[in-house]
Amino acid sequence: MNTAVTIAGVTWKNPVTVASGTFGSGAEYSELVDLNQLGAVTTKGVANIPWQGNPTPRIAETYGGMINAVGLQNPGIDLFTQRDIPFLKQYDTRIIVNVCGKSVTDYVEVVERLGDEPVDMLEINVSCPNVKEGGIAFGQDPKALFEITKEVKAVAKQPIIMKLSPNVTDITEMAKAAEAAGADALSLINTLTGMKIDIHKRTFAVANKTGGLSGPAIKPVAVRMVYQVAHAVQIPIIGMGGIATGEDAIEFIMAGATAVSVGTANFHDPMASVKVAQGIEEYMKRYGVEDINELRGCVE
Amino acid sequence: MATTKMTATVIHQEPIGTGIFSMQLQAAEIAKQAKPGQFVNLYSKDGSRLLPRPISLCEINGEAGTLRLVYRTVGKGTEEFARLHAGDKIDIMGPLGNGFTMQEEKAILIGGGIGIPPMLQLAKELSQQSVEVQVVLGYRDETFLDEEFAPYGTVYFASEDGNHGVKGTVMDAIREYGITGNVIYACGPTPMLRAIQAYALENGIVAQLSLEEKMACGIGACLACVCKSKEKDHHTNVNNKRICKDGPVFFAEEVEF
């Protein structure tokens, strides 16, 4: 039985990674999860300099999901390369570094700094709904997305994955722009912009007023978008949005994803990502699937 | 010390006040490692409620492998826990957070409302170390756990309605009774902790404050539950300590909240 998948020339032992921001750089989870059992670890977004993030409260639970507005608090590339990359190198898993920035120059600086680091892929976050500058601004306009993808690709030594926002009218337009600019792969979807009001306190549940909705509540939207994008572009897709079980992952793969990310489920069960990888194998055994790649896009 | 996620068994549960429940759990792997001021995450069985509920440890029995949690029902998640009976199972993770640093100095333990439970285990362990323990408990109106502290030290009360001890806050009780000590340990609502922080800093008393914030992962990865810190934090280097991991207990001079 083969569970390995290849994305932009990089082979993962299985199609499961973790969604950026839900797993830190893996250190905190490593007490509870064997990182060797993941196809890849995707780190929390890292910028050129440390970012403070948003005021608290930064999260709120919603029905079947949650809203977050952490605001990409991160230690900056210096501390990240000294501490987080060597930590992840101890494990037999692919390393995907999520890159964030406020301007094209910020992104380019981080991508250049990562050029000589032992990381396998870069995921470019152009879809965070919780920061005022950068983030989603690049991910909601096909021209801006094309430009930043081109600039990043020009300096990147590793394959680049553009992480797309669902907060657009037509996600296929964004996917095509990224592909045309040279993106090696796509991650989708990032969170949906949402809001929750605390009716007892008569205020917003998160200090940022709006936040990104994630969790099982958004899964059907994510599956639909993966399906649409898979039919619009040739580059591989890492599908995410509410995946909590092996069955959920299979759904994304059938919609056209090559690999999947487990995000919010890590908060409900720190072992969720490994359980998803095991669940995929159980499905394959049950239906006699020899190679996970056979299932990709099997629903036309 | 290793954080463990496990399925615990409810040994006993009973209401001890209006919307306040006392739950005894068999959870040996966690109980044998836990210390006062640490907490556990409790997980709902209902898939619509994804995030764990962080609950402080009221009593820890390492030998018997049991934990006692005293919590208030504030929503559907805690209401689900309140319906559990002896023999029922619940997923929990812990021990989480740093806990109190026990100092061999005359102690004032201050608990306000649902911040009272973690003070019980602390009172017990400090008194075992022959530390002079004074306990100040603040309530809105109805009391709970108030009779359980007596074996470990002198207990003082404050209540908003004045029916139990001094009418007013825990700070009013400290002034009224002239309570003095070298180390304050406190857990309770934010306005109470701010008043204690100011009092401790003005009077040069060491104070350990247990803070609260909305949490997701509980292990320091998601960065949801930060507070402003005087020193650069270990994780991000931006003066944002993680309450779940670097705390929940901080020294008064360490944090702004």
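Residues numbered from 1 in each chain as written. Chains lettered and ligands numbered in written order. Predicted model: local features only at pLDDT ≥ 70, side-chain atom pairs only at ≥ 80, totals over all residues.

Engineer: So what exactly am I meant to see when it comes to the nonpolar core here?
Structural biologist: The tendency in soluble globular proteins is for nonpolar side chains to be buried side by side. The biggest cluster of nonpolar side chains holds 186 residues, and the ones touching the most others in it are Leu186 and Val226 of chain A. At 7 residues, helix 6 (residues 219-230) of chain A tops the list of elements feeding residues into this core. Split by domain, the residues of this core number at least three in each of domain 1 (4-96) and domain 2 (107-256) of chain B. Not counting the four nearest positions on each side in its chain, leucine 186 of chain A is found in contact with Ile161, Met162, Leu164, Ala175, Ala178, Val229, Ile235 and Ile237 of chain A. (Core = buried A, V, L, I, M, F, W, Y, C linked by C-beta atoms within 7 Å. Buried ≥ 20, exposed ≤ 12 C-beta atoms within 10 Å, placed from the backbone. Helix = DSSP H or I, 4+ residues; strand = E, 2+ residues; numbered from the N terminus. Domains from an automatic or database assignment. Contact = placed C-beta atoms within 7 Å.)

Engineer: For this particular structure, what's the right way to read the interface of chain B and chain A?
Structural biologist: The parts lose accessible area when they come together, and the size of an interface is often stated as this lost area. Taken together, the contact pairs 25 residues of chain B with 33 residues of chain A. Of the residues in the side of chain B that touches chain A, the class split is 13 nonpolar, 8 polar and 4 charged. (Nonpolar A, V, L, I, M, F, W, Y, C, P; charged D, E, K, R; others polar.)

Engineer: Could you clarify how one ought to interpret the pairing of strand 14 (residues 210-214) of chain A in this entry?
Structural biologist: Consecutive side chains of a regular strand alternate in pointing toward one face of the sheet and then the other. Residue and element names in this part refer to chain A. Of all the 5 residues making up strand 14, 4 are buried; the element is thus mostly covered by neighbouring parts of the structure. As defined by bridge partners, strand 6 (residues 65-68) adjoins strand 14 across 3 bridges and the pair is classed as antiparallel. Paired with isoleucine 67 across the strands is leucine 213, a residue of strand 14. With 4 bridges connecting them, strand 11 (residues 192-195) and strand 14 associate as antiparallel partners. Each bridged residue has a counterpart across the sheet, and for threonine 193 the counterpart in strand 14 is glycine 212. (Pairing = 2+ DSSP bridges.)

Engineer: Is there a simple way to think about the sheet that holds strand 6 of chain A in this case?
Structural biologist: Within a sheet, neighbouring strands are paired by backbone hydrogen bonds and run either parallel or antiparallel to one another. Residues and elements named next belong to chain A. As summarised here, the arrangement of the 4 strands in space is 5-6-14-11, forming an open sheet in which the pairing is antiparallel. Each end of this open sheet is capped by a strand with a single partner; those strands are strand 5 (59-62) and strand 11. In this sheet, neighbouring strand axes are inclined to one another by 40° on average, regardless of whether the strands run parallel or antiparallel. (Axes fitted to C-alpha atoms, helices over the stretch in contact; angles between N-to-C directions.)

Engineer: Help me understand unusual backbone geometry in this model?
Structural biologist: Glycine aside, residues mostly have negative phi angles, and peptide bonds mostly take the trans form. That bond from glycine 94 of chain B to proline 95 of chain B is cis: its omega, -10°, falls within 30 degrees of zero. Mapped onto the elements, proline 95 of chain B comes out in strand 7 (residues 89-96). Going from glycine 247 of chain B to proline 248 of chain B, the amide bond is cis rather than trans, its omega being 10°. Considering the arrangement of structural elements, one finds proline 248 of chain B in the loop between strand 15 (240-242) and strand 16 (249-251). The phi angle at alanine 8 of chain A is positive, at roughly 50°, despite the residue not being glycine. You will see that lysine 209 of chain A, though not glycine, has its phi angle at about 70°, which is positive. Looking at the secondary structure, you find lysine 209 of chain A in the loop between strand 13 (203-204) and strand 14. With 12 C-beta atoms counted inside 10 Å, the residue lysine 209 of chain A sits in the exposed group.

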